[in-house]
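Residue strings, one per chain:
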Amino acid sequence: GAKLLLHGLCSNTTVKTLDLKGNNLRTVGAEALGKLLRQNKSIRSLILEWNSLGVWEEGFSFFCQGLGANNVLRRLDLRNNQINHQGAGELAMALKQNASLQELDLRWNNIGLLGGRALLNCLQSNKTLKRLELAGNNVPSDILKAVEQAMNHNQDRQTILDETQNRTCILTKEVLSLKDEKTKQFMDLMDTIDKQREEIARSGRMSAARASQLQEALDEQHSIMNSLRAKLQMTEAALALSEQKVHNLGELLNATKQEQTSMAERHFTELQQQKQEGADREGKLLRDLSAASDKNLLLRNQVDELEKKCKVQQDQLFQVKQDLTNTTVELKLRAVQAEERLEMEKRRFKQSLEDMESLRLKEVDHMAQHIEATERSMQDRIQRLEAIRIALEEELSRVKAAALTERGQAEEELIKVRNQARLEEQQRLEHLEEKLRLMTESRDEAQNCCLKQKQMVAEAQAKANQLSLHADGLRRRLEELQQDLNSKEEEKVTEVNKVKVELQEQIGHLQAERTAQEGLREKIAALERQLKALSSNHREALLDKESEISMLLEKLRMKEADISRMREEEAQRASFLQNAIMAYVQGSPLGTHGSRK
């Protein structure tokens with residue numbers, strides 16, 4: 001029945017706990033359990049109390065093989081199963097291979113001294129078992145204490161691993177959040193740059209449209225001038241006809257000479273008035289041109305101020321770079337100091353280990369030389385060894401406390417460095433945002449100035465339309481104004497290009513700063529890895545020391561057993577000698593005489 005049940009559970013994926021307490025499982029049942037542990041991936045708790053599995057050696061070995069291949073089971077109950085030291089050895093081999101079992105209950109079996117040693121030895125390679133119950137197995141107390149120490153060590157190791165996993169998760173989340181923030185900031189910068197480009201393109205289009213309007217106005221003026229020339233030609237033809245009429249009508253001319261002279265004087269006065277008006281208009285135009293030149297000087301001064309601001313911003317960027325280099329140098333110095341401290345601790349630890357080994361060798365030699373001494377010397381040596389053990393335990397506790405304090409200090413330093421880096425990044429981002437705002441304000445001012453200049457040009461063109469009589473001079477002046485406008489537009493384009501180049505340089509600097517920050521994060525991760533490796537080495541060294549102490553305790557216990565055995569042998573010899581002497585005394589003639597009396 002157990003075979004069929006366990007065969008059906010091999011492919012089950014929902015059962016988490018299996019209780020087979022008191023079912024008298026035999027060899028076939030133990031083999032079926034081994035197969036179940038090999039194939040099933042869902043059972044977390046298995047209770048096999050009161051089944052006498054230790055009686056069937058082959059079945060129990062197969063069960064242990066299945067336990068070694070399982071990576072899912074967390075709790076196993078084997079109480080009252082008549083497991084002897086051989087079965088304990090099989091379980092120890094399985095525990096060396098298993099990496100998931102956390103609780104194992106072996107109470108009320110027949111494990112004994114050899115089984116307890118086998119289980120203790122397997123705990124050196126198994127780091128996942130947290131609870132091991134060995135009560136009622138005739139296991140010595142020192143082995144039970146060593147097992148408890150190993151269990152405590154495994155629990156401490158599991159808690160440390162959980163803490164490290166939680167910290168790594170927190171660090172990864174922080175790194176991801178920082179990356180998201182950086183990407184958002186970069187996208188915001190790119191959006192602002194695109195908007196600025198669009199605004200620049202719009203201003204270019206507007207300037208091109210205005211230039212086309214100016215060109216159309218000039219074309220209209222050209223057409224007007226052509227019409228005036230045609231009218232002049234017509235008037236000249238009419239004058240020629242009038243001259244012919246004058247030659248024909250000479251008499252009429254003599255009569256009308258007086259009238260013509262008077263009319264000529266009138267025309268002369270009118271021409272003088274027109275000349276004066278044209279001179280006045282020319283003076284006004286010259287004044288307007290001087291005002292435009294003054295405005296151009298003001299614009300040039302503003303451009304110089306903008307260039308100075310750009311230089312100041314470049315100096316500020318250079319200072320930011322220097323601050324970054326200083327922070328990187330400080331981080332490197334801190335890392336070097338931490339490494340030196342770790343090397344000093346390693347050296348001290350190695351020296352302490354060497355001293356401990358030398359002391360242990362001396363004590364072993366001393367014990368080997370004086371095995372045949374009296375009970376008092378053995379007791380003194382035992383007391384000395386206990387004092388040394390206490391000192392060793394104190395030194396181990398001190399070393400553990402020092403390692404924990406140093407680890408806490410290193411973690412605090414890392415947290416401080418991270419907080420400083422975050423604050424510096426926030427300050428730099430705020431500074432860059434202020435710079436962008438100033439640049440946009442300066443660009444708006446330049447656009448306003450350009451609009452004012454264009455308005456002035458429009459006013460000049462209106463005045464030029466009014467002064468159609470002085471078209472030739474006005475053409476030259478308009479051409480000069482167009483050249484000035486082209487030069488100003490070119491200057492504006494150059495300024496826009498400069499702003500674009502500066503923005504690209506700032507983006508490059510930001511990317512360089514981002515790469516430097518990523519390098520710093522990688523260095524911090526490397527330091528954390530080194531700290532983890534050093535902590536693991538310290539733990540392994542502590543485990544080795546604890547194993548050595550347990551070995552020394554076992555040797556002491558063996559020697560005490562030898563001493564007790566020697567005492568018993570001496571007591572038996574003394575009793576044999578006493579009996580022999582009594583028999584000899586009773587068999588001698590003196591003994592018979594004394595008995596007769």
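Each value, and the rule that gives it
- Residues numbered from 1 in each chain as written.
- Predicted model: local features only at pLDDT ≥ 70, side-chain atom pairs only at ≥ 80, totals over all residues.
- Heavy atoms only, no water.
- Helix = DSSP H or I, 4+ residues; strand = E, 2+ residues; numbered from the N terminus.
- Rg over C-alpha atoms; globule rule 2.2 N^0.38 Å.
- Contact = heavy atoms within 4.5 Å.
- Areas by Shrake-Rupley, 256 points an atom, 1.4 Å probe, with all protein chains shown as cover.
- Lys, Arg positive; Asp, Glu negative; His and termini not counted.
- Charge placed at Lys NZ, Arg CZ, Asp CG, Glu CD.
- Pairing = 2+ DSSP bridges.
- Axes fitted to C-alpha atoms, helices over the stretch in contact; angles between N-to-C directions.
- Core = buried A, V, L, I, M, F, W, Y, C linked by side-chain atoms within 4.5 Å.
- Buried < 20%, exposed > 50% of the residue type's maximum accessible area, 1.4 Å probe, protein only.
- Salt bridge = Lys/Arg side-chain N within 4 Å of Asp/Glu carboxyl O.
- Phe/Tyr/Trp six-rings, centres within 6.5 Å; stacked < 30°, edge-to-face > 60°.
- Parallel < 35°, antiparallel > 145°, perpendicular 65-115°, else oblique.
- Nonpolar A, V, L, I, M, F, W, Y, C, P; charged D, E, K, R; others polar.
- Patch = residues over 30% accessible without salt bridge, like charges linked within 9 Å, V, L, I, M, F, W, Y side chains within 5 Å.
- Expected span 1.5 Å × (residues − 1).

S.K.: Go over the overall build of the chain, please, and point to the residues and values.
M.R.: Along its length, the chain carries 10 helices and 5 strands. For a compact globule of 597 residues, the expected C-alpha radius of gyration is about 25 Å, and the chain comes in at 54 Å, more than 25% above that figure. Across its three principal axes, the chain shows a C-alpha extent of roughly 220 × 60 × 20 Å. Partitioning the contacts of the chain with sequence separation of at least 6, the portion at a separation of at least 24 is 86%. In the structure as shown, the chain presents an accessible area of about 39800 Å², 54% of it carried by carbon and sulfur atoms. If the 92 positive side-chain charges of the chain are averaged to one point and the 96 negative ones to another, these points end up 5 Å apart.

S.K.: Can you break down the sheet that holds strand β2 (residues 45–47) residue by residue, with the values?
M.R.: Backbone-to-backbone hydrogen bonds join strands into a sheet, with any given pair of strands oriented parallel or antiparallel. Spatially, β1-β2-β3-β4-β5 is the arrangement adopted by the 5 strands of the open sheet, whose pairing is parallel. The outermost strands of the open sheet, each flanked by one partner alone, are β1 (17–19) and β5 (131–133). Averaged over all adjacent pairs, the angle separating strand axes in this sheet is 0°, with direction ignored. With 3 bridges joining them, β2 and strand β3 (residues 75–77) adopt parallel strand pairing. The residue of β3 that forms the bridge with isoleucine 47 is aspartate 77.

S.K.: Tell me what's going on with the nonpolar core, and back it up with residues and numbers.
M.R.: Counting residues in each nonpolar core, the largest one holds 45 residues, and the members touching the most others are Leu48, Phe63, Leu76, Leu78 and Leu106. Of all the secondary-structure elements, those providing two or more residues to this core are α1 (2–9), α2 (27–39), α3 (57–69), α4 (85–97), α5 (112–122) and α6 (141–248). Residues in contact with phenylalanine 63, not counting those within four places in the same chain, are Ala30, Leu33, Gly34, Leu37, Leu46, Leu48, Leu76 and Leu78. In this structure, Ile193, Leu436, Leu503 and Ile507 belong to the second largest nonpolar core, which totals 5 residues.

S.K.: An account of the pattern of salt bridges is needed here, citing residue identities and associated values.
M.R.: Under the counting rule described, the total for this entry stands at 11 salt bridges. Measuring nitrogen to oxygen at the nearest pair gives 2.5 Å for the salt bridge that ties arginine 557 to aspartate 142. Residue arginine 557 is located in helix α9 (residues 471–587), and its partner aspartate 142 is located in helix α6; the two are separated by 415 residues in the primary sequence. For the pair arginine 557 and aspartate 142, one class covers both residues: buried. Of the charged contacts, one joins glutamate 569 and arginine 565 as a salt bridge, the two residues approaching to 3.0 Å between their closest N and O atoms. Here the residue glutamate 569 and the residue arginine 565 both occupy positions in helix α9, the gap between them amounting to 4 residues, near one helical turn.

S.K.: Tell me about unusual backbone geometry, and please be specific about residues and values.
M.R.: Even without glycine at this site, serine 52 takes up a positive phi of about 55°. Among the structural elements, serine 52 can be located in the loop between β2 and α3. On the accessibility criterion, serine 52 (24% relative accessible area) is partly exposed. With a phi close to 60°, tryptophan 108 is a non-glycine residue in the positive phi region. Residue position: tryptophan 108 is located in the loop between β4 (103–105) and α5. Overall, the relative accessible area of 54% leaves tryptophan 108 in the exposed class.

S.K.: Break down the packing of aromatic side chains for me, citing the residues and quoting the values.
M.R.: Counting across every chain of the model gives 1 aromatic pair. Both rings, one in phenylalanine 60 and one in phenylalanine 63, keep their centres 5.9 Å apart while their planes meet at 35°; by these two values the pair is tilted. Of this pair, phenylalanine 60 and phenylalanine 63 are both found in helix α3, 3 residues apart, which corresponds to roughly one turn of the helix. Across the pair, exposure class does not vary: phenylalanine 60 and phenylalanine 63 are buried alike.

S.K.: I'd love a proper account of the packing of α1 against α2, names of residues and values included.
M.R.: Angle between the axes and distance between the axes: these two values describe a pair of packed helices. Two numbers describe how α1 lies on α2: the axes approach to 9 Å, and their chain directions differ by 5°. Put simply, α1 runs roughly parallel to α2. Contacts between α1 and α2 involve Lys3, Leu6, His7 and Leu9 from the former and Val28, Gly29, Ala32, Leu33, Lys35 and Leu36 from the latter. The class makeup of the residues in the contact of α1 with α2 is 6 nonpolar, 2 polar and 2 charged.

S.K.: Give me the environment of alanine 401: which residues, what numbers.
M.R.: On the secondary structure map, alanine 401 appears in helix α8 (residues 375–466). Residue alanine 401 is classed as partly exposed on the basis of its relative accessible area of 38%. As a C-alpha pair, alanine 401 and isoleucine 390 span 11 residues in sequence and 16 Å in three-dimensional space.

S.K.: Explain a negative patch on the surface to me, and be specific about the residues and the numbers.
M.R.: There is a patch of like negative charges on the surface, built from Glu354, Asp355, Glu357, Glu394, Glu395, Glu540, Asp544 and Glu548. Where the negative patch is concerned, the elements lending two or more residues are α7 (250–369), α8 and α9. Inspection of the secondary structure assignment puts glutamate 548 in helix α9. Of the residues examined, glutamate 548 reaches a relative accessible area of 33% and is grouped as partly exposed.

S.K.: Could you give an account of the packing of α2 against α3, naming the residues involved and the relevant values?
M.R.: Viewed as axis vectors pointing N to C, α2 and α3 meet at an angle of 10°, and their least axial separation amounts to 7 Å. Viewed along their axes, α2 and α3 adopt a mutual orientation that is roughly parallel. From α2, Thr27, Ala30, Glu31, Leu33, Gly34, Lys35, Leu37 and Arg38 reach across to α3, where they touch Gly59, Phe60, Phe62, Phe63, Gln65, Gly66, Leu67 and Ala69. Along the lines of polarity and charge, the residues of the contact of α2 with α3 split into 8 nonpolar, 5 polar and 3 charged.

S.K.: Can you tell me about α2, naming the residues and giving the values?
M.R.: Here α2 is 13 residues long and its end C-alpha atoms lie 19 Å apart, about the 18 Å a rise of 1.5 Å per residue gives. Inspection of α2 places Gly29, Ala30, Ala32, Leu33, Gly34, Leu36 and Leu37 among the buried residues, and these make up the whole buried set. Tucked inside the fold, the buried residues of α2 contact α1, β1, β2 and α3.

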